[in-house]
Amino acid sequence: MSTPNSTSQNNRANGENTSIPPQTICHKGFYLDGGDLYVLISPVYFRVHSYFFSRSTDNAFFKSFISAGERLDPNALPGTGGPEKAIIVRNATVEEFSKFLWIFYNEKFDDYSKAKLADWFTVLRLAHEWSFQNIKDLALRYIKTFEHEIPNVVDRIVAYEKYAPPVEMLLPLYMELVGRDEFPTDAECALLGDAKALKIHRARETLLRTQKKASTRLDATQIKALVAKSLGLTDAPTVNDATAPNGANAQDREPSTGGDGRP
């Protein structure tokens, strides 16, 4: 997944760019005419559309740039009003933020085939931290298609769980771990943590004891219920059905402007 060149100097001849400090630069791919939101990831300025960032749950993205208890003014959102009012993003690099923006500005609608697993984890992390549920669901769907690149089930669990994925994504992984012949290795237990490893141990014991008592193997539905109860996975969130399986939700893609369409 390549991103537009983030170190090229934009033409500063127009009046607006004169307000940008000379030691900074404008992102070549995402400093867009008509954009009303200015973002600085030193030393690079982005100019994009606040519309997309207003789609975060309860305006969580913009609220992260105001003081606790301060009321968000929808007519004066943080980062709008000119380069001198740019918001400073500290939890993403220029490259990472570019990858996140590409989800909105990809000109090949519903075609994200150029993105790699690491790219989707970048998108997932930022979507999770900024509360973009539709984008988070999209990233999880694509990550699921790359599971063969994370062959160890414990590595998959650990990679997913930090971003609070839906229960239907975690449960099959725990079913595989609980049902396999080998107990988690010391290294896997270290990754899972003592509390989670203990729950898995108890779930394995319960499964074996139940199957022995029944004199037969439990079916998938029974194993699913047993594992979900043992690990407390019954109340996890579910994937938003409104999220398109092969692309971003349509409401997150308007207006279709700017960007060079490359990941």
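The coordinates are above.
Residues numbered from 1 in each chain as written. Predicted model: local features only at pLDDT ≥ 70, side-chain atom pairs only at ≥ 80, totals over all residues. Heavy atoms only, no water.

Draft legend 1. Region of the structure containing unusual backbone geometry. With omega at 5 degrees, the peptide bond leading from S42 into P43 counts as cis. Checked against the element boundaries, P43 lands in the loop between strand 2 (37-41) and strand 3 (44-48). In this model, S131 sits at a positive phi of 65 degrees, which is unusual for a non-glycine residue. Relative to the elements of secondary structure, S131 occurs in the loop between helix 4 (117-130) and helix 5 (133-145). The phi torsion at A164 lies on the positive side, around 50 degrees, for a residue other than glycine. Positionally, A164 belongs in the loop between helix 6 (153-161) and helix 7 (167-179). (Helix = DSSP H or I, 4+ residues; strand = E, 2+ residues; numbered from the N terminus.)

Draft legend 2. Region of the structure containing the side chain of E147. On the secondary structure map, E147 appears in the loop between helix 5 and helix 6. Residues within four places of E147 in sequence aside, it is in contact with R156, Y160 and L173. (Contact = heavy atoms within 4.5 Å.)

Draft legend 3. Up close: the pattern of salt bridges. Evaluation of the coordinates by the stated rule reveals nine salt bridges. Among the ionic pairs, R125 bridges to E129, the shortest N-O distance being 3.2 Å. Note that R125 and E129 are positioned in helix 4 at a spacing of four residues, about one turn of the helix. Residue R125 is classed as buried on the basis of its relative accessible area of 18%. The salt bridge involving E161 is made with K196; its shortest N-O contact spans 3.2 Å. With E161 in helix 6 and K196 in helix 9 (residues 194-214), this residue pair connects regions lying 35 residues apart in the sequence. The class of E161 is partly exposed, set by a relative accessible area of 28%. (Salt bridge = Lys/Arg side-chain N within 4 Å of Asp/Glu carboxyl O. Buried < 20%, exposed > 50% of the residue type's maximum accessible area, 1.4 Å probe, protein only.)

No statement about biological role is implied by the geometric values presented.
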